[in-house]
Each structure stands twice: as structure tokens, then as C-alpha cells.
Amino acid sequence: MEIYDIAVTGAGPAGCMAAIRGAQLGKKVILLERNDKIGRKLLLTANGRCNLTNTAPFEVFLEMFGKRGSFYREIFSKFSNQDLMDFFKKYGLKLKEEDNGRLFPITDDAKSVVDVLKRVLDVTGVNITYKFRLNHLKKDSDIFTLSSKDNKSIQAHNVILATGGTSYKFTGSTGDGFKIAESLGHHISQLNPSGVPLLIGEEWIHELQGITLEDVGLSIGVKGKIKSLPRGRLLLTHFGISGPVILDLSHNILDMMDENSDLTLYVDFKPDVSIEGFEENLMSDFLEYSRKSLKNYLQNHLPHNMVLPILECLSIDPQKKLNQITKKERKQLLKTIKSLPLTITGSLPSDKAMVTCTGVSKKEINPQTTESKLVKNLYFAGEIIAGCGRRGGYNLQQAFSTGYVAGESASHN
Ligand SMILES: Cc1cc2nc3c(=O)[nH]c(=O)nc-3n(C[C@H](O)[C@H](O)[C@H](O)COP(=O)(O)OP(=O)(O)OC[C@H]3O[C@@H](n4cnc5c(N)ncnc54)[C@H](O)[C@@H]3O)c2cc1C
């Protein structure tokens, strides 16, 4: 049986880059993919537009990976955001920068990113084998045997596992790599997912699905203290809340939940004005528009389809004129508009998250090379590695950088 220099499993961004780098360095590389095409998840990124990296400076990049971000110091030095931009430029795909340093292909189409990867895989002579679902990996006398579900076998001197996590399972990333890594003695760190919608206990919120709150302030009650969070766009859904700001914060909020059973998120519909300032506004409006109904007036401060449900929760008659509102009712309204409490009860399952975060423990991976500290010549790349970055292109850069470093390191054996 032919023995490859490198067998890469998983043709997502990490596996493709790993295979390309190995082949560029003259190695005989096979790329095994269970689907019949490469990059299925990549096609879905950023609603099909693919936010493939970020222009943030190096140190910010590390911070975006949280407490253990320094794990990536060497990896991002060896293949940086600039290197990724140069790679796509070299192969004819221009990128453009949008807000917060996010980079997209100029085509606004993730397919053009996948097309470049496919073309470079072909040009560099990588042997791509589709419909090969790795089921078992063993090592005897320095040679790995990779066996598929349907009993096909491949042999290689080096193996790179780039099988992704467990989010959006229909794309092929079902966590197979975790089981294979465990079978070789690795530990899987169980972490909260990232980029996942949150569940809210208040059922009346579920009935308001589809409402977007364009720019709301957020804070959270933790251990009796109120911690302020970034503001942004929030979407109400049939189970709770989603939208960019929630997807950004979900990982940290879920971490806080692990330590506290009850978490309350406070939504501020008027984040540009203090509570005192807003109370003054209410009092002067109540005088000036005294004959106006509360229901109509509140549409100045709340999305119109939230007004009646909120007044029902507060047991205030929506038809009341502003000059009939009692001080107690005014205080209730003030509190609700400035800090509507929502009880967070959990999140959708990690299958619905953008990034799994659970993965092979970083403690068992050499941060210079991505090689396993337990099994020589076994490497990890991409989302299979525990932890995750913030939204904004950081996770795809992580996939490309770890892939590049794994491909290069495996070539030096
Ligand atoms: C909806 C969505 C939007 C996102 N948007 C962005 C974004 O804009 N920017 C960003 O930075 N990140 C984004 N992400 C995250 C990003 O897609 C991932 O971080 C990235 O795809 C991980 O790359 P990977 O190569 O490690 O894994 P994957 O892309 O998951 O690829 C793994 C590959 O391995 C294959 N595979 C799995 N098991 C086996 C097996 N047993 N045998 C053979 N093959 C196997 C799979 O079929 C798959 O092709 C998004 C994620 C989602 C779900």
C-alpha cells in the first residue's frame, strides 16, 4: 500500500490550508473528506459572504482568543492575517475591509474563497479523496493507518486532524475527530459554545419573535452586582434572543452562568440618556402631551409591537391618558424602558452555535507546531482545538493559521 507523507482529515479551511502547505513543501499529501466537496461550512460563513480574517493588530488578535490566547503567539507569527491576505491576493482574490477591521472577499461570496482553495489544492498536486469518513486511526512502527467507516484504509507517516467541531452538523462536522483523538489518549476540554442564541424564561418575549431592537444597551446581574456589556443590535426569537450583540457575548454569558444559577440580562432601550435624564423627559412629556394615550406615547420609546405586551406585564391600562399615570406607574415604566429584565435560562445546543469551543485540550498540543504532545507526528488544526475566538474573522484566521503551521511542521519530519 502506498504510504503518504501526510494524510490530512477534513477539507474545511484548516485541512485545505494544511494540505496545501505540505504539498507546497514537496510532500506527498492526501486530503480525506467525508463529503463530496470541500468547505461546506465555509460556504455558510457570514451569511455566505465569508468574513475570513480581521485587520486587528497582533496583540488584539491574541486577546480575541480569551485567557489562553497566547497559545497562538507562535502560530499567528508564522502565518498572520497579512500572510492570509497575501495568499488570496497571490491567487487572484481581492479582499475588502468593512467595519471593525473585518475582511471579506471583494465578490461578497464565500464560494470565491472555496474556489481559490480548490484551485490551489489542484495546482499543488494534493490528492483529494472524497466520501472518506475517518472512523479509526492507529499507529504501528511510526506508520499511521487511517480507516474509513466503510473499511477503506490509507497509510501515512504524518496525520493532521482537521475535522472541525460539532456545530452545524449537517456540514459534516459531527465531532468525529474528538472521538479519534480520545482513542489516542487525548482529553477533550468541554467548553461553552460561542456565537449561539440564548434562551429567555419570559414567555411573553417568545411571542414577539422577529422584532429587532436596533441599538440597545445591555448589562447583566452577576453575584448581586450589575456588570455593563457592549451595546448593539438584538433580535427577539421564539425561544429568546439572538442578533449580533448576543452572538458576540454568548460565550462569556454562558461562562458566567456556569458559576451562577440565575442570570438576568437588562435591556436599556434608551442607552444614550441616563435614568435621571430619561425620568425628566418623561415628566415633561407627560405634562406637554397630557391628553395623549400611553399606548401611543410609548411608541416613541419602544418598538410599537412591544408596547402592549409590556403594558400587560406591568398591568397598566394602555388607553390611559398621560395625565392619569400615577407616580408609581411612571417609575415602573422608567425602570422597564431603562432596564427591562430578561432571565437567561441557557442557550440553544452547540449544534446551533457558530463555533463549538469544546475540543482537544491545548495543554496536549505543542503551540510551536500544533503537534500532539502524546502521539508523535499527529497534528491538530482548526476548530478541533479547544477554545474559540470572538466573531469578526478570528476563527477562520485560526483555522488557516493552524492549518498552515500543521502542514509546514508535518513536512519537516
Ligand atoms: C453559520 C456560521 C457562520 C460562521 N461565520 C464565520 C465568519 O464569518 N468568520 C469566521 O472567522 N468564522 C465563522 N464561522 C466559524 C468558522 O466557520 C469555523 O471556525 C471554521 O469553519 C472551522 O474550520 P475547520 O476547518 O476547523 O472545520 P470545518 O470548517 O468544520 O471543516 C471540517 C471538515 O472536516 C470534515 N470531517 C469531519 N469529520 C470527518 C471525518 N470523520 N472524516 C473525514 N472528514 C471529516 C467535515 O466534513 C468538514 O469538511 C462561522 C460558523 C458558522 C457555523
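Scoring rules and cut-offs
- Residues numbered from 1 in each chain as written.
- Predicted model: local features only at pLDDT ≥ 70, side-chain atom pairs only at ≥ 80, totals over all residues.
- Helix = DSSP H or I, 4+ residues; strand = E, 2+ residues; numbered from the N terminus.
- Axes fitted to C-alpha atoms, helices over the stretch in contact; angles between N-to-C directions.
- Parallel < 35°, antiparallel > 145°, perpendicular 65-115°, else oblique.
- Left-handed = near helix turned anticlockwise from the far one by under 90°.
- Contact = placed C-beta atoms within 7 Å.
- Buried ≥ 20, exposed ≤ 12 C-beta atoms within 10 Å, placed from the backbone.
- Pairing = 2+ DSSP bridges.
- Right-handed = clockwise from strand over helix to strand, strands pointing away.
- Domains from an automatic or database assignment.
- Nonpolar A, V, L, I, M, F, W, Y, C, P; charged D, E, K, R; others polar.
- Near = placed C-beta within 6 Å.

**With respect to the overall build of the chain**
So, step 1. When you go through the chain residue by residue, the secondary structure sums to 14 helices and 18 strands.
So, step 2. Summarising its shape, the C-alpha atoms of the chain cover approximately 85 × 40 × 35 Å along the three principal directions.

**Considering the packing of helix α1 (residues 13-24) against helix α6 (residues 110-123)**
So, step 1. Running from N to C, α1 and α6 point in directions that differ by 30°, and their axes come no closer than 9 Å. Judged on the interaxial angle alone, α6 and α1 are roughly parallel. Once α1 is placed against α6, the crossing between them reads as left-handed. Contacts from Cys16, Ala19 and Ile20 in α1 reach Leu117, Val120 and Leu121 in α6.

**Some thoughts on unusual backbone geometry**
So, step 1. Its identity as a non-glycine residue notwithstanding, Lys223 has a phi of 45°, on the positive side.
So, step 2. Mapping Lys223 onto the fold places it in the loop between β12 (212-222) and β13 (225-236).
So, step 3. Notably, Ser315 is not glycine yet its phi reads approximately 55°, a positive angle.
So, step 4. With respect to the element layout, Ser315 can be found in the loop between α12 (304-314) and α13 (327-338).
So, step 5. For Ser315, a count of 8 C-beta atoms within 10 Å gives the class exposed.

**Description of the sheet that holds strand β3 (residues 53-54)**
Paired through backbone hydrogen bonds, the strands of a sheet run either parallel or antiparallel to each other.
So, step 1. Strand order in the open sheet made by the three strands is β3-β5-β4, with antiparallel pairing throughout. Looking at which strands have only one partner, the edges of the open sheet turn out to be β3 and β4 (95-97).
So, step 2. The pairing of β4 with strand β5 (residues 102-105) spans three bridges and is classified as antiparallel. Across the sheet, the residue bridging to Lys96 is Phe104, located in β5.

**Side note on the environment of Ala19**
So, step 1. Mapped onto the fold, Ala19 is located in helix α1.
So, step 2. A residue is classified by how many C-beta atoms lie within 10 Å of it, and Ala19, with 33 of them, is buried.
So, step 3. What Ala19 contacts, discounting residues up to four positions off in sequence, is Val8, Val29, Leu31, Leu121, Val126 and Gly407.

**Considerations on the pairing of strand β2 (residues 29-32)**
So, step 1. Side chains Val29 and Leu31 of β2 all project onto a buried face; the interleaved residues Ile30 and Leu32 project onto the opposite face, where all are buried too.
So, step 2. Relative to β2, strand β1 (residues 3-9) is paired through four bridges, and the arrangement is parallel. In the sheet register, Thr9 faces β2, and the bridge partner there is Leu32.
So, step 3. Running through α1, the crossover from β1 to the neighbouring parallel element β2 is right-handed.
So, step 4. Direction of pairing for β2 relative to strand β6 (residues 127-129): parallel, over a ladder of three bridges. Each bridged residue has a counterpart across the sheet, and for Leu31 the counterpart in β6 is Ile128.

**Details of the environment of Leu62**
So, step 1. You can see Leu62 is positioned in helix α3 (residues 58-63).
So, step 2. Looking at Leu62, the number of C-beta atoms within 10 Å reads 19, which means it is partly exposed.
So, step 3. Note: C-alpha distance between Leu62 and Phe278 (216 residues apart in sequence) is 40 Å.
So, step 4. Beyond its immediate sequence surroundings of up to four residues, Leu62 is in contact with Gly69, Ser70, Tyr72 and Arg73.

**Comments concerning the domain arrangement of the chain**
By a widely used convention, the size of an interface equals the accessible area lost when the partners come together.
So, step 1. Taken domain by domain, the chain holds domain 1 (3-192 + 353-411) and domain 2 (197-347).
So, step 2. Relative placement of domain 1 and domain 2: their C-alpha centres are 41 Å apart.
So, step 3. Tallying the contact residues gives six residues for domain 1 and five residues for domain 2.
So, step 4. Among the residues making up the side of domain 1 that touches domain 2, the classes are represented as three nonpolar, one polar and two charged.

**Examining the site of the ligand**
So, step 1. Around the ligand, the structure places 39 residues, and the nearest of them are Gly10, Gly12, Gly164, Gly172 and Gly382.
So, step 2. Among the secondary structure elements, those contributing two or more residues to the shell around the ligand are α1, α2 (45-48) and α14 (394-411).
So, step 3. The element that contributes the greatest number of residues to the shell around the ligand is α14, accounting for four residues.
So, step 4. Broken down by class, the residue content of the shell around the ligand amounts to 17 nonpolar, 15 polar and seven charged.

**Comments concerning the pairing of β12**
Two faces belong to every sheet, and in a regular strand the side chains alternate between them.
So, step 1. Bridge analysis of β12 against β13 gives eight bridges, and the strand direction is antiparallel. Of the residues in β13, the one forming a bridge with Leu218 is Leu229.
So, step 2. By the bridge criterion, five bridges tie β12 to strand β15 (residues 263-268) in an arrangement that is antiparallel. Following the sheet pairing, Ser219 is matched in β15 by Tyr266.

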